[in-house]
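Secondary and tertiary structure notes
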Amino acid sequence: MEQKKTTKYTAEGYQALVDELNYLRGEKTEEVKKALAFARSLGDLSENSEYDAAKDEQGQVAARISELEELIQSAEIIDESEMDENVANLGSTILLYDEEFEEEVEYAIVSTNEADAINGKISDRSPIGAAMIGKTVGDEVAVETPGGTIRFKVLRVERTKNAG
């Protein structure tokens with residue numbers, strides 16, 4: 001029997017998926033229906049760019065709804081209350097010292113679907129994120145990345161503070 005692959009989420013990350021799904025199923029689907037009705041009212045559908053655009057958006061919304069349903073079905077919500085706040089894990093924010101560039105960098109470790117490197121959110125499956133899981137303050141870590149080995153020293157580990 002094949003075991004279902006799960007993706008771990010913080011409670012906040014899981015709720016973001018549910019909220020997006022509810023928005024797409026409700027408000028967004030109604031917007032698309034109205035856009036289609038308006039485009040149909042313009043007449044000849046064979047050369048109607050508004051209709052084509054609305055149909056494309058309808059397909060994109062349906063695809064995203066399907067994707068979100070699959071993500072939610074395979075989600076595993078981690079219980080952050082049972083996690084040691086001093087050990088890096090999903091839901092942790094870590095402050096690292098990059099030895100090569102002699103600078104501090106801060107990352108929040110999040111699930112794959114929440115990753116946003118530009119905003120300092122790295123996946124627990126990325127090279128740096130995976131290497132930091134289980135680390136504590138003072139640990140020195142060499143991370144193999146596509147660009148070569150990066151050496152870090154862990155300066156701080158704390159539970160990620162979520163806005164809202």
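None of the values given here were measured: they were computed from a predicted structure. (Residues numbered from 1 in each chain as written. Predicted model: local features only at pLDDT ≥ 70, side-chain atom pairs only at ≥ 80, totals over all residues. Heavy atoms only, no water.)

**Description of the overall build of the protein**
This is how it is decided: Per the convention used, a helix needs a DSSP run of H or I reaching at least four residues, while a strand needs a run of E reaching at least two, with both numbered from the N terminus. Atoms counted for the radius of gyration: C-alpha only. Globule rule: 2.2 Å times the number of residues to the power 0.38. Exposure categories follow from relative accessible area, calculated using a 1.4 Å probe and restricted to protein chains: below 20% of the type maximum is buried, above 50% is exposed, and the middle band is partly exposed. The Shrake-Rupley method, run with a 1.4 Å probe sphere, supplies the accessible areas, and residue values consider only the shown protein chains as cover. We score Asp and Glu as negative and Lys and Arg as positive, and we do not count His or the chain ends. Taken as the charge centre is NZ of Lys, CZ of Arg, CG of Asp or CD of Glu, depending on the residue.
In terms of regular secondary structure, the protein is built from three helices and seven strands. Reading the protein from its N terminus to its C terminus gives the helix and strand order β-α-α-β-β-β-β-α-β-β. A globule of 164 residues ought to have a C-alpha radius of gyration of about 15 Å, yet the protein, at 21 Å, is considerably larger. Reported as C-alpha extents along the three principal axes, the dimensions of the protein are approximately 70 × 40 × 35 Å. Here the protein, with 164 residues, has 34% of them falling under the buried criterion. Accessible surface for the protein amounts to roughly 10400 Å². Of this, 47% is attributable to carbon and sulfur atoms. Considering the protein, the positive charge centre built from 18 side chains and the negative charge centre built from 36 side chains are found 4 Å apart.

**Overview of empty space enclosed by the protein**
So the rule is basically this: Using protein atoms alone on a 1 Å grid, points that fit a 1.4 Å probe yet trap it form a cavity, whereas open point sets bounded by protein on both sides within 12 Å along at least five of seven lines form a pocket; residues with an atom within 4 Å of a point count as lining. Grid points are joined across faces, edges and corners, and a volume is the space filled by probe spheres set on the points. Charged means Asp, Glu, Lys or Arg here, nonpolar means Ala, Val, Leu, Ile, Met, Phe, Trp, Tyr, Cys or Pro, and polar covers whatever is left, Gly included.
Inspection of every chain in the model, using the stated rule, returns one cavity of 30 Å³ or more. The calculated volume of the largest cavity comes to roughly 40 Å³. Forming the boundary of the largest cavity are Met83, Asp84, Glu85, Val87, Gly91, Ser92, Glu158 and Arg159. For the lining of the largest cavity, the residue count by class is two nonpolar, two polar and four charged.

**Quick word on the environment of Glu100**
Here Glu100 shows up in the loop between β3 (92-98) and β4 (103-110). Classification of Glu100 by relative accessible area gives exposed; the value is 58%. For the pair Glu100 and Glu30, spaced 70 residues apart in sequence, the C-alpha separation works out to 52 Å.

**A short note on the pattern of salt bridges**
Formally: Any Lys or Arg side-chain nitrogen found within 4 Å of a carboxyl oxygen on Asp or Glu counts as a salt bridge.
Evaluation of the coordinates by the stated rule reveals nine salt bridges. Taken together, the shared-partner salt bridges in this structure form one network comprising Glu20, Arg64 and Glu67.

**Here we look at the side chain of Ser123**
Quick note on the threshold: Each polar contact in these results corresponds to two N or O atoms within 3.5 Å; when the atoms are within protein, one needs to be able to donate a hydrogen and the other to accept it, and residues that are neighboring in sequence are counted only if both atoms are side-chain atoms.
Looking at the secondary structure, you find Ser123 in strand β5 (residues 121-123). Within the local environment of Ser123, its side chain forms a polar contact with the side chain of Thr112, the two groups lying 3.4 Å apart.

**Structural notes on the packing of helix α1 (residues 11-41) against helix α2 (residues 49-73)**
Stated precisely, the cut-off is as follows: Axis geometry follows a simple rule: fit a line to the C-alpha atoms, using only the stretch in contact for helices, then measure angles between N-to-C directions, giving values from 0 to 180 degrees. For this classification, under 35 degrees means roughly parallel, over 145 means roughly antiparallel, 65 to 115 means roughly perpendicular, and everything else is oblique. For any helix crossing, the convention is left-handed if the near helix is rotated counterclockwise from the far helix by under a right angle, and right-handed if that rotation is clockwise.
It is at 9 Å that the axes of α1 and α2 come closest, and there the two elements cross at 160°. It follows from the interaxial angle that α1 and α2 lie roughly antiparallel. Like other packed secondary-structure pairs, α1 and α2 cross with a definite hand, here left-handed. Looking at the contact of α1 with α2, its residues break down into 16 nonpolar, two polar and nine charged.

**Section: α2**
The condition that has to hold: Expected span of a helix: the number of residues minus one, times 1.5 Å. We call two residues in contact when some of their heavy atoms are within 4.5 Å.
Taking 1.5 Å of rise per residue, 25 residues should cover 36 Å, and α2 covers 36 Å from first to last C-alpha, within 8% of that figure. Tyr51, Ala54, Val61, Ile65, Leu68, Leu71 and Ile72 are the residues of α2 that are buried. Next to the buried residues of α2 lie β1 (7-9), α1 and β2 (75-77). The backbone nitrogen of Glu50 has a side-chain oxygen 3.1 Å away, supplied by the residue at the start of α2, namely Asn48.

Spatial relationships are all this shows, so hold off on functional conclusions.
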